[in-house]
Amino acid sequence: MTNATPLRRRTLSALAATMLLAGGLLLGQTATAPAAQAAGKTVTCNVERMHKEAAELRSKAAKLQRLGATAEARKARAQADALDRKAQACIDADDTAPKPFPR
């Protein structure tokens, strides 16, 4: 019976290590999943509207720059750049999204 105790300890240690490793792998996969897909939500983007709003913000920034309001112009340009990046992200997501099987 004295030899059974170390074997039991080794078995429990190996089992615990295996469970921790498996849990870490599952947690890692969950953390890398896209937020919208993990939540089960569909994200729709109106790319044309985003580009139009960005152009309007850029013209507003140009007008503000002419009037001498450089801080406000910089903010409007930053918002336009953010809209352009968001539109490009939507385009890239559409290009790389898995396509459904044809029927």
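Structure: above.
Remember, it's a predicted structure, so these values are computed and weren't measured experimentally.

Let's shift gears to the state of the cysteines. Inspection of the entire model under this criterion finds one disulfide. The residue that forms a disulfide with Cys45 is Cys90, at a sulfur-sulfur distance of 2.0 Å. Sign of the S-S torsion, about -55 degrees for the bond between Cys45 and Cys90, identifies this disulfide as left-handed. With Cys45 in the loop between helix 2 (35-39) and helix 3 (47-67) and Cys90 in helix 4 (residues 70-96), this pair connects stretches of sequence that are 45 residues apart.

For the structure on display, the rule yields three salt bridges. Ionic pairing is found between Arg49 and Glu53, a salt bridge with its closest N-O pair at 3.5 Å. Of this pair, Arg49 and Glu53 both sit in helix 3, four residues apart, which is roughly one turn of the helix. For Arg49, a relative accessible area of 47% puts it in the partly exposed group. Owing to a relative accessible area of 31%, Glu53 belongs among the partly exposed residues under this scheme.

Along its 27 residues, helix 4 runs 39 Å from first to last C-alpha, staying within 8% of the 39 Å computed at 1.5 Å per residue. When we look at burial in helix 4, the residues that qualify are Ala73, Ala76, Ala80, Leu83, Ala87 and Cys90. In this fold, the buried residues of helix 4 make contact with helix 3.

Counted at 1.5 Å a residue, the expected span for helix 3 with its 21 residues is 30 Å, and the 30 Å between its end C-alpha atoms agrees. Taken together, the buried residues of helix 3 touch helix 4.

Direction vectors running N to C along helix 3 and helix 4 enclose 165 degrees, while the axes themselves pass 8 Å from each other. In terms of their interaxial angle, helix 3 and helix 4 are classed as roughly antiparallel. With respect to the hand of their crossing, helix 3 and helix 4 are arranged in left-handed fashion. Residue composition of the contact of helix 3 with helix 4, by class: 13 nonpolar, four polar and seven charged.

Nonpolar side chains tend toward joint burial in soluble globular proteins. Within the largest apolar cluster, seven residues are counted, these being Met50, Ala54, Leu57, Ala80, Leu83, Ala87 and Cys90. For this core, the secondary structure elements donating two or more residues are helix 3 and helix 4. Looking at which element gives the most residues to this core, the answer is helix 4, with four residues. When neighbours within four sequence positions are excluded, Ala54 is seen to be in contact with Ala80, Leu83 and Asp84.

Reading the values: rules and limits
Residues numbered from 1 in each chain as written. Predicted model: local features only at pLDDT ≥ 70, side-chain atom pairs only at ≥ 80, totals over all residues. Heavy atoms only, no water. Disulfide = S-S within 2.5 Å. Helix = DSSP H or I, 4+ residues; strand = E, 2+ residues; numbered from the N terminus. Salt bridge = Lys/Arg side-chain N within 4 Å of Asp/Glu carboxyl O. Buried < 20%, exposed > 50% of the residue type's maximum accessible area, 1.4 Å probe, protein only. Expected span 1.5 Å × (residues − 1). Contact = heavy atoms within 4.5 Å. Axes fitted to C-alpha atoms, helices over the stretch in contact; angles between N-to-C directions. Parallel < 35°, antiparallel > 145°, perpendicular 65-115°, else oblique. Left-handed = near helix turned anticlockwise from the far one by under 90°. Nonpolar A, V, L, I, M, F, W, Y, C, P; charged D, E, K, R; others polar. Core = buried A, V, L, I, M, F, W, Y, C linked by side-chain atoms within 4.5 Å.

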